[in-house]
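Letter by letter, the chains look like this.
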Amino acid sequence: MTIVAEKPIKPFVRPEGHDCHVSSGIHDCLTFGTGELSDSGFWENPCYECAREHERQFPECGPCWPHTPEQLKEMGFES
């Protein structure tokens, strides 16, 4: 099977000095961090900087975890 992308896929450029990983969480959002990855897709050491940078580079993907307080409020979670 051959998969053909309609547009070239641009790579995610991590913030300088970051070697974080990305996964998908059970909440259908991307998660960024290092360390152990839980069965639910959340990292032991979350990375806010990589999550925000991915949102800046790929706004079409939506919010990434770890979420900001503002994002949590928009999602219906009060802090």
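Residues numbered from 1 in each chain as written. Predicted model: local features only at pLDDT ≥ 70, side-chain atom pairs only at ≥ 80, totals over all residues. Heavy atoms only, no water.

1. Remarks on the sheet that holds strand β3 (residues 43-46)
Phase 1 of the analysis: What the three strands build is an open sheet, ordered β1-β2-β3; its pairing is antiparallel. Of all strands in the sheet, those bounded by a partner on one side alone are β1 (21-24) and β3. Pairs of neighbouring strands in the sheet enclose a mean axial angle of 65°, with direction left out of account.
Phase 2 of the analysis: In the sheet, β1 pairs with strand β2 (residues 30-37) via four bridges, with the strands oriented antiparallel. Bridged to Val 22 within β2 is Phe 32. (Pairing = 2+ DSSP bridges. Helix = DSSP H or I, 4+ residues; strand = E, 2+ residues; numbered from the N terminus. Axes fitted to C-alpha atoms, helices over the stretch in contact; angles between N-to-C directions.)

2. Quick look at the packing of aromatic side chains
Phase 1 of the analysis: Per the counting criterion, the structure on display carries two aromatic pairs.
Phase 2 of the analysis: For the ring pair Phe 42 and Trp 65, a centre distance of 4.9 Å and an interplane angle of 70° mean the geometry is edge-to-face. With a gap of 23 residues between them, Phe 42 in the loop between β2 and β3 and Trp 65 in the loop between α1 (48-57) and α2 (69-74) connect regions that are remote in the sequence.
Phase 3 of the analysis: Residue classification places Phe 42 among the partly exposed residues on the basis of a relative accessible area of 23%.
Phase 4 of the analysis: In this structure, Lys 10 is placed above the aromatic ring of Phe 58, and the distance from its NZ or CZ to the ring centre is 4.9 Å. (Phe/Tyr/Trp six-rings, centres within 6.5 Å; stacked < 30°, edge-to-face > 60°. Buried < 20%, exposed > 50% of the residue type's maximum accessible area, 1.4 Å probe, protein only. Lys NZ or Arg CZ within 6 Å of the ring centre and 35° of its normal.)

3. Describing the pattern of salt bridges
A pair can form between side chains of opposite charge whenever their charged atoms are brought close.
Phase 1 of the analysis: For the structure shown, the criterion picks out two salt bridges.
Phase 2 of the analysis: A salt bridge links Glu 55 to Arg 52; the shortest N-O distance between them is 2.8 Å. Linking Glu 55 with Arg 52, this pair stays in helix α1, spanning three residues, or about one helical turn.
Phase 3 of the analysis: A salt bridge links Glu 53 to Arg 56, with the shortest nitrogen-to-oxygen separation between them at 2.6 Å. Of this pair, Glu 53 and Arg 56 both sit in helix α1, separated by three residues, roughly a single helical turn.
Phase 4 of the analysis: On the basis of relative accessible area, Arg 56 is assigned to the exposed category, the value being 58%. (Salt bridge = Lys/Arg side-chain N within 4 Å of Asp/Glu carboxyl O.)

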